[in-house]
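Notes for the structure review
Chain residues, written in single-letter form:
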Amino acid sequence: MTTYAIGDLQGCHAEFIDLLECLSFDPRRDRLWLAGDLVNRGPGSLDCLRSVKDLGAAVRVVLGNHDLHLLAVARGGASLKHKDTLSAILAAPDREALLDWLQSQPLALRDGDTVMTHAGLPPQWSLAQAETLAQEVEQALGAENAGAFLEAMYGNRPRRFKPDQRGNDRLRAIVNTVTRMRFIDADGRLDFDAKEGLDLAPDGFAPWFQYPRGDTARLVFGHWAALNGTTPGSRVDAEALDTGCVWGGRLTALNLDSGERISVPSRQAAPPCEAR
């Protein structure tokens, strides 16, 4: 059995199928970890949801910010944005089954010292704490009043998590940390404006993976396409998986056992799969 971790699909369904073929992926034998943002921006968001859901126990998914946005639009009263490509999901005959499945997915996956979240993990959080905090949000998503949480989920405040936070502020701080984080300061405060390369770090901020941790965690994440699968200056064992397929880049899988990376280009490019 081989376990592969794959970066943000973002509606790149054709490339997802290309990558599974390059991996010779067999759901009876192999396993997938998906780093979130299954949907939005790309043309095949509905097909991505259906294909991933159909893989059943062979796949494990963490929620990304675009996945939560879909849930907020469908069930939390939020509005579609100009660049969203979610309409086909919202109009699909199997919409409710797909949304139920998506809403039941976790925000963090852990296997020993390996942890996957969509955006990464701040150095202030232990692995056990990350699991516990993610579960708080998962419980809110599974509650009868989940729509109220989805409605209150948006916002840039508070900018960092504090253990004494309560209610929606606490849940929002957790969500923002594990699904939107890029640059943070030494106290774990998030910057929400800088989204591109590392040379654009705001004063007093650095990429979250450039701060040391007190453990041997292996952190697997997506979300930050501008990194193109690299973590320059990292002081932790961090594996970046978003290689910008939806922007004309590649869709990348990491063999969690061997460390090999295999990628396929966006359908706008030409070559077949590449290993490195």
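Look up: the structure comes first, before these words.
Summary of the structure given here. Here the structure is a predicted model, which is why all the values come from computation and not from measurement.

Between helix α1 (residues 13-22) and helix α2 (residues 45-54), the shortest axis-to-axis distance is 8 Å and the interhelical angle comes to 35 degrees. Facing H13, F16 and I17 of α1, the residues of α2 in contact are D47, C48, S51 and V52. Split into classes, the residues belonging to the contact of α1 with α2 amount to 4 nonpolar, 2 polar and 1 charged.

End to end, helix α6 (residues 127-142) covers 22 Å across 16 residues, agreeing with the expected 22 Å (1.5 Å per residue, within 8%). Listed as buried for α6 are L127, A130, L133, A134, V137, A140 and L141. Viewed end-on, α6 has its buried residues packed into an arc of 145 degrees, placing them on one side of the element. Pointing more than 90 degrees away from the buried face of α6 are the exposed residues Q139 and G142.

Any two side chains of opposite charge can pair if their charged atoms end up close together. Summed over the entire model, instances satisfying the criterion amount to 15 salt bridges. A salt bridge links R170 to E136; the shortest N-O distance between them is 2.7 Å. Of this pair, R170 sits in helix α8 (residues 167-180) while E136 sits in helix α6, and the two are 34 residues apart along the sequence. Judged by relative accessible area, which is 14%, R170 ranks as buried. Overall, E136 belongs to the partly exposed group, its relative accessible area being 23%. What you see here is one network of salt bridges that share partners, running through R75, R95, E96 and D100.

Taking strand neighbours across the sheet as the criterion, the 4 strands line up as β4-β5-β9-β10 in an open arrangement whose pairing is mixed. Sheet topology places β4 (109-111) and β10 (237-240) at the edges, where each strand pairs with a single neighbour. Ignoring strand direction, the axes of neighbouring strands in this sheet form an average angle of 15 degrees. As judged from the 4 bridges shared by strand β9 (residues 218-221) and β10, these two strands associate in the parallel manner. When the bridges of β10 are listed, L219 appears paired with A238.

What counts, and where the lines are drawn
- Here the residue numbers are simple positions, counted from 1 along each chain's written sequence.
- The predicted nature of this model means local features are confined to residues of pLDDT at least 70 and side-chain atom pairs, given and counted, to a pLDDT of 80 or more, with totals for whole chains, interfaces and linings taken over all residues.
- Note that water and hydrogens are dropped before the side-chain values are worked out from all heavy atoms of the structure.
- Axes here mean lines fitted to C-alpha atoms, for a helix over just the part in contact, with angles spanning 0 to 180 degrees between N-to-C directions.
- By definition, any uninterrupted DSSP run of H or I lasting at least four residues is a helix, any uninterrupted run of E lasting at least two residues is a strand, and each is numbered from the N terminus.
- Should any heavy atoms of two residues lie within 4.5 Å, those residues are considered in contact.
- Residue polarity follows a fixed list, in which Ala, Val, Leu, Ile, Met, Phe, Trp, Tyr, Cys and Pro are nonpolar, Asp, Glu, Lys and Arg are charged, and the others, Gly among them, are polar.
- The span one expects for a helix is its residue count, reduced by one, times 1.5 Å.
- Exposed residues in this analysis have more than 50% of their type's maximum accessible area, buried residues have under 20%, and partly exposed residues fall in between, with area computed by a 1.4 Å probe over protein chains only.
- Each direction from the helix axis to a C-beta atom contributes to the arc, which is the arc of those directions.
- The term salt bridge refers to a pairing of a side-chain nitrogen on Lys or Arg with a carboxyl oxygen on Asp or Glu at a separation within 4 Å.
- Here, a strand pair is defined by DSSP locating no fewer than two bridges between the strands.

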